[in-house]
Amino acid sequence: MVIVGDYVQYGAGTSGPEGWLNFDCSPTLVIQRLPVLGGIIRAGCTTQFPDSLRYGDIVRGLPVKDRSAKGVYCSHVLEHLSLSDLRVALRNTQRLLAPGGTFRMVLPDLRHMAEKYVRDESPEAAIGFMREPRHGRESRPRGMMGLLRMWLGNAEHLWLWDFQSLTRELSDAGFHSCRRAVCQDSGDPMFHSAERADRWHEALGIECHA
């Protein structure tokens, strides 16, 4: 069923601001919504998704009417996509927005992390660089449960961006007027309810328009 919403957030996780259509494609969300078994699993999980959260994958396309949204938001989502999937996701995002609609996003800033690493001459610099953006793994998952937790978590970063490179991808997807953004600096107050300051700390924020 295709739905209409003025404001759409994808990769919402446990965030479910009122007035937004909030989507997430976590396998854990699907499992927690199963009858009986889902309730048992949900009771044992530390991550509790709000009841208003809908299942939806921006790469496959969200069940939202084309050109119907005034605003789209995603927080620490794009770095979990491969390069090819990101390009599909941006095109799908652009298709959701009405002409002039706003897309705001926040994600790790590769340039900031690289400059921070170069300035740090301590022996721990390399480990810190690899650990912070999840470039590497400190240990390999073992056994069925370890592999299952990795699959359910989807925590790995697959591609990192700086302002210049992501702006080019946004332009190629049909967006314009890209600018650096900071938390809650949008002229549209609806974004204020979705944005959290801790998610924007030392991160890359961008606002652009369809």
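These figures come from a predicted structure and were not determined experimentally.

### Structural notes on the overall build of the protein chain
Item 1. Along its length, the protein chain carries eight helices and seven strands.
Item 2. For the protein chain, with 210 residues in total, the buried portion stands at 42%.
Item 3. At a minimum sequence separation of 6, the contacts of the protein chain that also span at least 24 residues come to 76%.
Item 4. Carbon and sulfur atoms make up 55% of the accessible area of the protein chain, which totals about 11,600 Å².

### Details of the environment of D51
Item 1. Tracing the backbone shows D51 in the loop between α2 (37–43) and β3 (54–55).
Item 2. A relative accessible area of 63% places D51 in the exposed class.
Item 3. Considered as a pair, D51 and T14 are 37 residues apart in the sequence and their alpha carbons are 9.8 Å apart.

### Regarding the pattern of salt bridges
Item 1. A full pass over the atoms with the stated rule returns 11 salt bridges.
Item 2. For D162, the salt bridge identified is with R111, shortest N-O distance 3.3 Å. With D162 in the loop between α6 (143–153) and α7 (163–172) and R111 in helix α4 (residues 110–119), the pair connects residues that are 51 residues apart, well separated along the chain.
Item 3. Exposure remark for D162: the relative accessible area of 13% places this residue in the buried category.
Item 4. Relative accessible area serves as the criterion here: at 39%, R111 is assigned to the partly exposed category.

### Points about the sheet that holds strand β4 (residues 69–75)
Strands in a sheet are paired, the pairing made by backbone hydrogen bonds, and the direction either parallel or antiparallel.
Item 1. Across the sheet, seven strands lie side by side as β3-β2-β1-β4-β5-β7-β6; this open sheet has mixed pairing. Of all strands in the sheet, those with a lone pairing partner are β3 and β6 (176–180), marking the two edges.
Item 2. Pairing of strand β5 (residues 97–108) with strand β7 (residues 203–209) involves seven bridges; the strand directions are antiparallel. Bridging from a neighbouring strand, M105 pairs with I206 of β7.
Item 3. Sitting on the sheet, α7 is in contact with β5, β6 and β7, with an inclination near 25° to β7.

### Description of the nonpolar core
Item 1. Among the nonpolar cores identified, the biggest contains 32 residues, and V8, Y10, L78, F103, M105, L166 and L170 are the most heavily contacted of them.
Item 2. Elements that contribute at least two residues to this core include exactly β1 (7–10), β2 (21–24), β4, α3 (83–96), β5, α7 and β7.
Item 3. When residues no more than four places from it in sequence are discounted, the contact partners of M105 are C74, L78, L166, L170, W200, L204, G205, I206 and C208.
Item 4. Grouped together as the second largest cluster of nonpolar side chains are nine residues, Y73, F191, W200 and A203 included.

### Structural notes on unusual backbone geometry
For residues besides glycine, phi is generally negative; the peptide bonds are generally trans as well.
Item 1. Despite not being glycine, R67 has its phi angle at roughly 60°, a positive value.
Item 2. Although it is not a glycine, H76 adopts a positive phi angle of roughly 55°.
Item 3. Relative to the helices and strands, H76 is located in the loop between β4 and α3.

Procedures and definitions
Residues numbered from 1 in each chain as written. Predicted model: local features only at pLDDT ≥ 70, side-chain atom pairs only at ≥ 80, totals over all residues. Heavy atoms only, no water. Helix = DSSP H or I, 4+ residues; strand = E, 2+ residues; numbered from the N terminus. Buried < 20%, exposed > 50% of the residue type's maximum accessible area, 1.4 Å probe, protein only. Contact = heavy atoms within 4.5 Å. Areas by Shrake-Rupley, 256 points an atom, 1.4 Å probe, with all protein chains shown as cover. Salt bridge = Lys/Arg side-chain N within 4 Å of Asp/Glu carboxyl O. Pairing = 2+ DSSP bridges. Axes fitted to C-alpha atoms, helices over the stretch in contact; angles between N-to-C directions. Core = buried A, V, L, I, M, F, W, Y, C linked by side-chain atoms within 4.5 Å.

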